[in-house]
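# Structure assessment
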Amino acid sequence: MTLDPIHVENIARLAYGIAGDVDTTDHDDLAGRVWRDWLPELRRDGRTVIEPVGDHERRRVPIDDAALADRPFETVHGLDSGTINPTTFKNGLVVDVAHAAMASAPTDLDLHRDRTIVATVHVGDSTADFDDDWRKRDDGHTRQRVLHAPRVNRYAEGVVHALALYLAEGTHALDHADRVDDLLVLDGPIYPKELFTWDDRNPELGALAREAKPRSVVENYVRLVERFVERDVPLAGFVKNPASGTIVRALSRKGVEPPWPDDTALFTRLLERREGDDGGDGSRSKGGSDGGNSTVGSDGGSNSVGVGNGDERPDRVDDELTFTTWFHSRGGADETMSADRDALGIDREYDPELYEPTFMVVYDPRTDVTYKLESPYAFTRDADTRERLTRQVIADVATTRGPPESVSKADELARIAATEKAALRRKFEERFDSDQQATYDDLRWGKTRF
């Protein structure tokens with residue numbers, strides 16, 4: 001049964017009462033104050049968790065100029081891993097399968113054929129052992145194995161998913177690192193941060209993260225950073241849906257009440273521009289083929305959302321990309337790889353500071369989407385490399401209205417379609433001689449049966 005028009009109208013009227021209690025001007029003022037007074041050195045529990053790498057500025061560039069600018073990197077490789085999603089069977093097995101692929105722009109079909117496949121299985125029977133060695137298939141183009149996940153009382157689905165996803169991705173990246181000459185961009189963060197958050201969810205999961213198998217998954221990424229440092233080739237991660245809360249949580253601990261649910265909302269507030277905002281009245285930066293840009297709000301003032309009364313909300317300025325300069329990140333999931341933490345006990349060949357995540361944020365007003373680009377400090381400590389990474393991601397976003405071409409290609413190669421997931425689960429059911437454990441939501445939402 002759908003809502004009647006009167007129900008829709010009554011629900012819509014709720015917005016009037018909510019809007020009347022929200023002063024967005026205060027939000028603008030607070031955003032500007034956070035940028036100006038807190039982000040130059042944001043501390044929590046005596047540690048600096050956010051601070052600039054070099055300049056502390058918000059910048060903007062005309063989209064057309066950015067899209068036409070020369071790319072700093074001649075060839076860019078992207079890497080992604082897709083899964084069938086955790087599946088529980090009636091015989092007690094919990095399984096997920098991940099499938100990693102690397103793509104390049106320009107296209108390299110031989111590279112695109114290579115795949116790494118990992119099936120991770122969890123079972124309550126402590127006597128079972130499903131571990132398998134790496135095996136090659138498809139004339140050596142596919143490398144695959146089965147990983148028996150450590151036993152847990154809860155969160156089995158989350159464990160098999162994270163281990164399969166990151167083992168496939170990290171292994172594929174290491175195996176093909178020497179194919180990358182200019183730049184590698186992972187689809188997502190530069191480290192397996194889902195494993196780093198286990199400690200916040202449950203003490204059992206926190207202990208599990210330091211066991212041999214999860215640590216070996218994380219170690220792949222540490223070695224990946226080292227391999228790219230040795231080869232003097234930058235490594236980055238393009239995060240399409242950033243969800244960090246390091247800044248807003250630190251502000252809360254300091255007695256500030258941030259109105260934003262996460263850091264992405266804060267940065268969107270800082271980077272979104274409306275007609276009538278400072279710098280949003282028609283003046284434009286001069287960005288030529290060298291990827292030049294002008295600074296927006298470098299004095300800390302807010303140039304974000306300008307909200308009028310009633311239906312007078314100003315239009316969004318949508319012909320310029322806005323973005324930040326780079327930051328160190330040592331809080332939240334990034335704390336694990338900070339110089340003053342032990343990286344789960346994994347040995348680091350270089351100065352621990354070089355492994356720390358750094359990031360910059362870019363906002364595309366055409367789609368109203370905010371992205372984050374990450375890279376280890378080993379690369380962004382160099383001002384020229386920071387500038388090249390910034391110019392590359394700005395040019396890519398301007399051109400594609402989304403992720404870089406290499407990342408989109410890798411995502412397309414690694415993605416397992418819904419029909420393929422159903423077929424694979426059906427194969428597992430036949431092999432296990434056991435049905436998938438169904439739920440009411442499967443029936444309610446018409447989930448494909450196998």
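The model shown is predicted, which means the values in this text are computed figures rather than measured ones. (Residues numbered from 1 in each chain as written. Predicted model: local features only at pLDDT ≥ 70, side-chain atom pairs only at ≥ 80, totals over all residues. Heavy atoms only, no water.)

### Here's the deal with the overall build of the protein chain
- Within the protein chain, the secondary structure is distributed over 16 helices and 16 strands.
- Carbon and sulfur atoms form 45% of the exposed surface of the protein chain, whose accessible area is close to 20900 Å². (Helix = DSSP H or I, 4+ residues; strand = E, 2+ residues; numbered from the N terminus. Areas by Shrake-Rupley, 256 points an atom, 1.4 Å probe, with all protein chains shown as cover.)

### Focus on the nonpolar core
- The biggest cluster of nonpolar side chains holds 75 residues, and the ones touching the most others in it are Trp198 and Phe228.
- The element that contributes the greatest number of residues to this core is helix α5 (residues 156–175), accounting for 12 residues.
- Counting 22 residues, the second-largest nonpolar core is a separate cluster that includes Val49, Leu251, Val256 and Leu270. (Core = buried A, V, L, I, M, F, W, Y, C linked by side-chain atoms within 4.5 Å. Buried < 20%, exposed > 50% of the residue type's maximum accessible area, 1.4 Å probe, protein only.)

### Section: the confidence of the model for the protein chain
- When pLDDT is averaged across the protein chain, the result is 88; 87% of the residues are at 70 or more.
- With pLDDT under 50 throughout, residues 279–293 is counted as low confidence; its partners more than four residues away or in other chains account for 41 contacts.
- Here residues 295–310 is modelled with pLDDT under 50, and outside its nearest four sequence neighbours on either side it reaches 49 contacts, counting other chains as well. (pLDDT = per-residue confidence, 0-100. Contact = heavy atoms within 4.5 Å.)

### A short note on the environment of Pro150
- Here Pro150 is to be found in the loop between β9 (142–148) and α5.
- Residue classification places Pro150 among the buried positions, given a relative accessible area of 11%.
- Between the C-alpha atom of Pro150 and that of His122, which follows or precedes it by 28 residues, the distance is 7.1 Å.
- Excluding anything up to four places from it in sequence, Pro150 contacts His122, Leu163, Leu208, Glu211, Lys213 and Pro214.

### Topic: unusual backbone geometry
- The omega angle of the peptide bond from Ala105 to Pro106 is 5°, so this bond is cis rather than trans.
- With respect to the helices, strands and loops of the structure, Pro106 is situated in the loop between β6 (94–105) and α4 (109–113).
- Phi at Asp232 takes a positive value of approximately 55°, unusual for a residue other than glycine.
- The residue Asp232 is located in the loop between α9 (212–231) and β11 (235–239) in this model.
- Given a relative accessible area of 66%, Asp232 falls into the exposed group.

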